[in-house]
Amino acid sequence: EFIENQIEVRKIESGVPKWVIPAFLGTTIVFIAALVIVLIPPPEERPIGLLFDDKDPELTFIMEEELNLEASVLEGFDQPFEDFVMRYNAKESGLDISNDKDMWDDVFYKKTIGAVTHFAKYKSFWKTFEESLQDYSTVVSMLREDGLPEVFAAIPVQETRYNAKALSPVCAAGIWQFMPEVGNRVGLKIRGCTLSGVGSVKDWKPTRDAAPNVAKTDYVRKEMKASGFKYICKIKSCKEDERIDVEASTTGAIKLLHEAWDDDELKESGSIVQMTIVAHNVGYHDAKFGQKRSTNILPGYRKYSKKSKREHGTHFYGDNIRCGSDKDPHEPQYYASRCGGVIPNQGQHYGYNVVAQHMLAVCYYAQNYGTETVFRPWKTYLNGYCSNIEIPTPEQLEK
């Protein structure tokens, strides 16, 4: 009764209960906030994509601190990674790993997506696909006809940006960057070459099947500098060099890729795709061709298998990405650094860059040239992961 009397007194004294005004104000604020949310949508997330920067990234180092990608971004790339990499690994190994993400090489996968987001920023990178339109189409067609994964078509992107005239300091040439002896091994004609410098030679041609150590070649000069040293290719011209012919060199590349691809021991690993890609950089097993190298992929895998406690080799590649950006593999003194792994530095950052670049090539060609027969199968990805990427048009690249 006392409480009821007090309530009645407050009503008489104020005319309006004390709680009414605060409640009204609170409701009004909530309503206005809701209206703002409806009328002013949140800013859209910027897609992975283009910053019109002319920088030309040759090789990216995706470090652990750069792998903090949103779960939605990573999940969006599950399908292409499965299609281009894991499906082949599963088929060749017989392991049930295509749909089982717990068996995927997580380091390899995340670094691949990190590289996708990196390369997609650069106008000069996208230009590579426009300029190599016909050559990329040719290489993909030849790989498909042979039954090899089409992701291998991005190896020349990583090597030379599909520049057939490219010649490295150690005399690797063409879009696939064949050393003279390796070109000789896969049946490419290389003859009548002129070597300049001290003791110049005319009409030189390779006679071996595996390149010797660089310091022991006839065609490379080592020049000492205050900051270290560098290599200089002495081959100035050749009367015939099929390494610079796209179709001929791709025929040779397919033969070379099969050396690793057809190895039963590597197939059983569950990571034959990435092993074959990396083998193009570090070699498969040159001991078979007269040059023993512990840095080749097969002896490296054997060494890893003995020390690893893993049941399969599905994580071989990711487990051996050890060297950071402080050891640039473009610097001769760091070429062969392993940083505690079994793969040389050059190869550690090679595989995920190649796969990432093919993922972007698929999007570019599907969107801009999807009516062409070779690229038509890729159009399905335009409604998938490609929809998260800002893909430029040829007209944008010309500006």
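Since the model is a prediction, treat every value here as computed from it, not as a measurement.

Q: Could you give an account of the pattern of salt bridges, naming the residues involved and the relevant values?
A: Should the charged atoms of two oppositely charged side chains come close, the side chains can pair. Within the structure shown, the criterion is met by 13 salt bridges. The partner of Glu-240 in a salt bridge is Arg-191, with the nearest N and O atoms 2.8 Å apart. Taken together, the residues Glu-240 in strand β7 (residues 235-241) and Arg-191 in strand β3 (residues 190-195) connect sequence positions 49 residues apart. Look at Glu-240 and you get partly exposed, because its relative accessible area is 23%. Here the residues in one salt-bridge network are Arg-185, Glu-259, Asp-286 and Arg-293, joined through shared partners.

Q: A description of the side chain of His-349 should follow, citing residues and the corresponding values.
A: Checked against the element boundaries, His-349 lands in the loop between α15 (345-348) and α16 (350-369). Given a relative accessible area of 1%, His-349 falls into the buried group. Within the local environment of His-349, its side chain forms a polar contact with the side chain of Tyr-352, the two groups lying 2.7 Å apart.

Q: Any details on the packing of aromatic side chains? Residues and values, ideally.
A: Each aromatic ring pair is summarised here by two numbers: the centre-to-centre distance and the angle between the ring planes. Under the counting rule described, the total for this entry stands at 29 aromatic pairs. Note on Tyr-301 and Phe-316: the rings are 5.3 Å apart at their centroids and 85 degrees apart in plane angle, and the pair reads as edge-to-face. In this pair, Tyr-301 is assigned in helix α13 (residues 297-307) and Phe-316 in helix α14 (residues 316-319), connecting sequence segments 15 residues apart. There is no split in this pair, since Tyr-301 and Phe-316 are both buried. Aromatic rings pair up to connect Phe-119, Phe-125, Trp-126, Phe-129, Tyr-136, Tyr-162, Tyr-364, Tyr-365, Tyr-369, Phe-375 and Trp-378 into one cluster. Just above the ring of Tyr-88 sits the side chain of Arg-87; from NZ or CZ to the centre is 4.9 Å.

Q: Before we move on, can you summarise a negative patch on the surface with the specific residues and values?
A: Taken together, the side chains of Glu-145, Asp-146, Asp-262, Asp-264 and Glu-268 define an acidic patch exposed on the protein surface. Here Glu-145 is to be found in helix α7 (residues 133-146).

Q: How would you sum up the nonpolar core? Please name residues and give values.
A: Among the nonpolar cores identified, the biggest contains 107 residues, and Phe-129, Tyr-136, Phe-152, Tyr-365, Tyr-385 and Ile-389 are the most heavily contacted of them. The element best represented in this core is α16, accounting for 14 residues. Residue contacts for Phe-152: discarding those within four places in its chain leaves Leu-143, Trp-176, Leu-257, Trp-261, Val-273, Thr-276 and Ile-277.

Q: Which residues make up α13, and what are the values?
A: Looking at α13, one finds that the buried residues are Ile-297, Leu-298, Gly-300, Tyr-301 and Tyr-304. An end-on view of α13 places all buried positions within 160 degrees of arc, on one side of the element. Counted as exposed and oriented over 90 degrees from the buried face of α13: Lys-306 and Lys-307. Taken together, the buried residues of α13 touch α11 (264-267), α12 (272-282) and α14.

Q: Could you give an account of the sheet that holds strand β4 (residues 201-204), naming the residues involved and the relevant values?
A: Strand order in the open sheet formed by three strands is β4-β3-β7, and the pairing between neighbours is antiparallel. At either end of the open sheet lies a strand with only one pairing partner, and these are β4 and β7. Pairs of neighbouring strands in the sheet enclose a mean axial angle of 15 degrees, with direction left out of account.

Q: So what about the state of the cysteines? Which residues, and what values?
A: Tallying each qualifying case throughout the model produces four disulfides. The partner cysteine of Cys-171 in its disulfide is Cys-233, sulfur to sulfur 2.0 Å. Between Cys-171 and Cys-233 the disulfide shows an S-S torsion of about 110 degrees. By sign, it is right-handed. Placement of Cys-171 in the loop between α8 (155-160) and α9 (180-185) and of Cys-233 in strand β6 (residues 228-233) is noted, with a sequence separation of 62 residues between them. For Cys-171, a relative accessible area of 0% corresponds to the buried category. Overall, Cys-233 belongs to the buried group, its relative accessible area being 8%.

Q: Let's hear about the environment of Val-182: which residues, and what values?
A: Examined against the element boundaries, Val-182 turns out to sit in helix α9. For Val-182 and Ala-172, which are ten residues apart along the polypeptide, the C-alpha to C-alpha distance reads 9.4 Å. For Val-182, the contacting residues outside a window of four places in its chain are Asp-209 and Leu-256.

Q: Which residues make up the pairing of strand β5 (residues 220-225), and what values go with them?
A: With six bridges connecting them, β5 and β6 associate as antiparallel partners. Along β6, the bridge assignment pairs Met-224 with Phe-229. Hairpin connection from β5 to β6: two residues lie between these consecutive antiparallel strands.

Q: Residues and numbers for the confidence of the model for the protein chain, please.
A: Chain-level pLDDT for the protein chain is 86 on average; 82% of the residues reach the 70-or-more range. Here residues 1-14 is a poorly scored stretch, pLDDT under 50, and it has one contact once near neighbours within four places are set aside; other chains count. Note on residues 32-46: pLDDT under 50 across the span, and three contacts to partners over four residues away in sequence or across chains.

Q: So what about the packing of helix α5 (residues 106-119) against α16? Which residues, and what values?
A: Across the interface, α5 lies against α16 with an axial gap of 8 Å and an inter-helix angle of 55 degrees. Regarding the angle of α5 to α16, the classification is oblique. Like other packed secondary-structure pairs, α5 and α16 cross with a definite hand, here right-handed. Facing Phe-108, Lys-111, Thr-112, Ile-113, Ala-115, Val-116 and Phe-119 of α5, the residues of α16 in contact are Gly-351, Tyr-352, Asn-353, Val-355, Ala-356, Gln-357, Met-359 and Leu-360. Split into classes, the residues belonging to the contact of α5 with α16 amount to ten nonpolar, four polar and one charged.

Q: Please set out the side chain of Ser-269 residue by residue, giving values where relevant.
A: For Ser-269, the location among the structural elements is in the loop between α11 and α12. Overall, Ser-269 belongs to the buried group, its relative accessible area being 1%. Within the structure, the side chain of Ser-269 is placed 3.0 Å from the backbone nitrogen of Ser-271, a separation counted as a polar contact. Those residues in contact with Ser-269 that sit more than four places away from it in its chain are Leu-95, Met-275, Tyr-301, His-312, Gly-313 and Thr-314.

Basis of the calculations
- Residues numbered from 1 in each chain as written.
- Predicted model: local features only at pLDDT ≥ 70, side-chain atom pairs only at ≥ 80, totals over all residues.
- Heavy atoms only, no water.
- Salt bridge = Lys/Arg side-chain N within 4 Å of Asp/Glu carboxyl O.
- Helix = DSSP H or I, 4+ residues; strand = E, 2+ residues; numbered from the N terminus.
- Buried < 20%, exposed > 50% of the residue type's maximum accessible area, 1.4 Å probe, protein only.
- Polar contact = N/O pair within 3.5 Å; in protein donor to acceptor, adjacent residues only side chain to side chain.
- Phe/Tyr/Trp six-rings, centres within 6.5 Å; stacked < 30°, edge-to-face > 60°.
- Lys NZ or Arg CZ within 6 Å of the ring centre and 35° of its normal.
- Patch = residues over 30% accessible without salt bridge, like charges linked within 9 Å, V, L, I, M, F, W, Y side chains within 5 Å.
- Areas by Shrake-Rupley, 256 points an atom, 1.4 Å probe, with all protein chains shown as cover.
- Lys, Arg positive; Asp, Glu negative; His and termini not counted.
- Charge placed at Lys NZ, Arg CZ, Asp CG, Glu CD.
- Core = buried A, V, L, I, M, F, W, Y, C linked by side-chain atoms within 4.5 Å.
- Contact = heavy atoms within 4.5 Å.
- Arc of directions from axis to C-beta.
- Pairing = 2+ DSSP bridges.
- Axes fitted to C-alpha atoms, helices over the stretch in contact; angles between N-to-C directions.
- Disulfide = S-S within 2.5 Å.
- pLDDT = per-residue confidence, 0-100.
- Parallel < 35°, antiparallel > 145°, perpendicular 65-115°, else oblique.
- Left-handed = near helix turned anticlockwise from the far one by under 90°.
- Nonpolar A, V, L, I, M, F, W, Y, C, P; charged D, E, K, R; others polar.

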